[in-house]
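# Coordinate analysis (summary)
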Amino acid sequence: MHLKSCPKGYMIETHRAVSPESTLERVEPLLPKAGITRVADITGLDRLGIPVFSCIRPTAAGGAISVYNGKGATPVAARVSAIMEGIERCSAEMEAPPVTIARYSDLVSRQPAVNPVDLILPTGADPDAPLPWVSGYDILREEKVLLPAHAVHHPVAKTCSPLFRTNTNGIASGNTLEEAIFHGLMEVIERDAWSIVEATRYTGERIIDISDPMSMEIIDRFSHAGIDLTIRDITSDIGIPTCAAVADDTVLLDPSLLVTGMGTHTTPEIAVLRALTEVAQSRLTQIHGAREDTVVADMRRQIGYERTKRLNGYWFRENGDIRFSSLPTYTSDDLLTDIRHVCSKLNSAGYDRVIVSDLTRPDMGVPVVRVVVPGLEVYAMDQERIGERCKHARRSRLPRSKPAA
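Residues numbered from 1 in each chain as written. Predicted model: local features only at pLDDT ≥ 70, side-chain atom pairs only at ≥ 80, totals over all residues. Heavy atoms only, no water.

As annotated in an unreviewed UniProt entry, the protein chain carries the name YcaO domain-containing protein and is attributed to Methanocalculus chunghsingensis.

The following block contains the structure:
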């Protein structure tokens, strides 16, 4: 895998190689190939008016979710986000059984391979079972490496030996390979930081004095709508700005609208903005779901507003304040430079593998990757899998500290 310089052509509400308009022009004709039958603007279902689009893909494999939402600071950005999510899911499906099926103990003597144990397994999983393996490339060690298919594809074929429940963490798309890799890196770091929060119940300091005009405009929308909003710093020891936005609709008092949104980026302005647009997306996911009488929304309403808020009380505690200007920041004009910066931060934090599997479908040509950093946590997505970072943080109640060597 050869990475090359990728100058940023768009740096307004996100960093990409080209503008959302250029991306939309490229990907919209691909909807039939991706199995996407409809892209709908659901912004108007919520009084906030923050752009959110819904993408419907009824042919999703293996019973996977077939409705995906996309958010953005503008309608075009939100539409692109939803379509790219659909393309990611299509590209990540396992189309055919992997060529290599082997035990790790037999495989590792012949070629570099990731030990399944390093991927944080649930209790009872057999790390040396005969597993399907797929190829990846370690951009830190600059070598080809095999990974269990469960860490790359979502979903895997039902005939595959069980290892853990597959998920979408680290699956990302982009206008270029470098853009996709950068956004995959941001996601795995975000989910790791969020997992530490869920393991420790420490939600970080409230971010104050936010100066970014685009974020402030969105924050004002929440305020005018009577929605209490708190933005928290949950940045981990890796040092890439990670923020959480927590919303409480004090007008409707609807338990399903006690929602959070996360954002991670090398520049804190975008990390905050992503958290804000994601919490707006979370609201609309619940509202849209409730309109379709989904089971999850119904269950939350049965629990009730007060009890739901008590169960999630750690998100509403006072933990002190941190000024927005105090958040770490790193800015460049090239996505490859950003990738190298993030890899350096991961390596300094003790992570010696950053693996990329190229999932790009030749018939679509939209770069899609799965980024895997062995050792980073996924507990927030799968509570059957809790690693040493979460365990150490839970014991010490210091979510930013590194695990003991």
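Past the structure itself, the notes keep going.
## Things to note about the packing of aromatic side chains
Throughout the structure, instances matching the rule amount to 2 aromatic pairs. When the ring of Tyr 314 is compared with that of Trp 315, the centres are 5.8 Å apart and the planes differ by 35°; the resulting orientation is tilted. Exposure class is identical for Tyr 314 and Trp 315. Each is buried. A cation over a ring is seen here: Lys 309 above Phe 316, with NZ or CZ 4.9 Å from the ring centre. A cation over an aromatic ring shows up here: Arg 385 above the ring of Phe 164, its NZ or CZ 3.7 Å from the ring centre. (Phe/Tyr/Trp six-rings, centres within 6.5 Å; stacked < 30°, edge-to-face > 60°. Buried < 20%, exposed > 50% of the residue type's maximum accessible area, 1.4 Å probe, protein only. Lys NZ or Arg CZ within 6 Å of the ring centre and 35° of its normal.)

## Details of the pairing of strand S6 (residues 143-148)
Pairing of strand S5 (residues 131-138) with S6, which is carried by 6 bridges, proceeds in the antiparallel orientation. When the bridges of S6 are listed, Tyr 137 appears paired with Lys 144. If you look at the hairpin formed by S5 and S6, you'll find 4 residues sitting between the two strands, and Glu 142 has a positive phi there, around 55°. (Pairing = 2+ DSSP bridges. Helix = DSSP H or I, 4+ residues; strand = E, 2+ residues; numbered from the N terminus.)

## Notes on the sheet that holds strand S3 (residues 67-71)
Taking strand neighbours across the sheet as the criterion, the 3 strands line up as S1-S2-S3 in an open arrangement whose pairing is antiparallel. Strand pairing shows two members of the sheet lacking a second neighbour, strand S1 (38-41) and S3, which therefore form its edges. Averaged over all adjacent pairs, the angle separating strand axes in this sheet is 25°, with direction ignored. Here strand S2 (residues 52-56) pairs with S3 via 5 bridges, running antiparallel. (Axes fitted to C-alpha atoms, helices over the stretch in contact; angles between N-to-C directions.)

## Here we look at the nonpolar core
Note on soluble globular proteins: their nonpolar side chains tend to be buried together. Core analysis: the biggest nonpolar cluster contains 48 residues, and Ile 83, Ile 87 and Trp 133 have the highest contact counts within it. The set of elements that each furnish at least two residues to this core consists of helix H1 (20-27), helix H2 (31-34), S2, helix H3 (75-92), helix H4 (104-107), S5, S6 and strand S14 (368-372). Non-local contacts of Ile 87, meaning those with residues more than four positions away in its chain, are made with Val 27, Ala 34, Ile 36, Met 364, Val 366 and Val 368. With 29 residues, the next largest nonpolar core counts Cys 6, Ile 181, Ile 238 and Leu 336 among its residues. (Core = buried A, V, L, I, M, F, W, Y, C linked by side-chain atoms within 4.5 Å. Contact = heavy atoms within 4.5 Å.)

## Topic: the pairing of strand S9 (residues 227-233)
Summarising the sheet, strand S8 (residues 205-208) and S9 pair through 2 bridges and their orientation is antiparallel. Note on S9: the bridge partner recorded for Arg 206 is Arg 232.

## Description of the sheet that holds strand S11 (residues 259-264)
Spatially, the 5 strands line up as an open sheet ordered S11-S10-S9-S8-S12, and their pairing is mixed. The sheet is open, and its two borders are formed by S11 and strand S12 (321-323), each paired with just one other strand. Ignoring which end each strand starts from, the neighbouring axes of this sheet average 35° apart. Relative to S12, S8 runs parallel, the two being bridged by 3 bridges. Its bridge partner being in S12, Ile 208 is matched across the sheet by Arg 323. Sheet strands touched by helix H5 (residues 177-200): strand S10 (242-249) and S11. Its angle to S11, the strand with the most contacts, is close to 130°.

## A closer look at the packing of H1 against H3
Between two packed helices, the angle of one axis relative to the other and the distance separating the axes together describe the packing. H3 packs onto H1 with a crossing angle of 40° between their chain directions and a minimal axis gap of 9 Å. Our classification of the angle between H1 and H3 gives oblique. Where H1 crosses over H3, the two elements pack in a sense that is left-handed. Residues Pro 20, Glu 21, Thr 23, Leu 24 and Val 27 of H1 form the contact with H3, whose own contacting residues are Val 76, Ala 77, Arg 79, Val 80, Ile 83, Met 84 and Ile 87. A per-class count over the contact of H1 with H3 returns 9 nonpolar, 1 polar and 2 charged. (Parallel < 35°, antiparallel > 145°, perpendicular 65-115°, else oblique. Left-handed = near helix turned anticlockwise from the far one by under 90°. Nonpolar A, V, L, I, M, F, W, Y, C, P; charged D, E, K, R; others polar.)

## Comments concerning H1
What H1 keeps buried is the set Pro 20, Thr 23, Leu 24 and Val 27. All buried residues of H1 project into a common sector of 100° when viewed along the axis, lining one side. In the core, the buried residues of H1 are packed alongside H2 and H3. (Arc of directions from axis to C-beta.)

## Looking at the side chain of Glu 198
Checked against the element boundaries, Glu 198 lands in helix H5. Taking the relative accessible area as the measure of exposure, Glu 198 reaches 11% and is therefore buried. At 2.6 Å, the side chain of Glu 198 forms a polar contact with the side chain of Tyr 314. (Polar contact = N/O pair within 3.5 Å; in protein donor to acceptor, adjacent residues only side chain to side chain.)

## A word on the environment of Ser 256
As for its placement among the helices and strands, Ser 256 is situated in the loop between S10 and S11. On a C-alpha basis, the gap between Ser 256 and Tyr 104 in space is 43 Å, while along the polypeptide they are 152 residues apart. Not counting the four nearest positions on each side in its chain, Ser 256 is found in contact with Gln 286, Arg 300 and Arg 301. At 2.9 Å, the side chain of Ser 256 forms a polar contact with the side chain of Asp 254. Here the side chain of Ser 256 touches Arg 301 through a polar contact of 3.2 Å, side chain to side chain.

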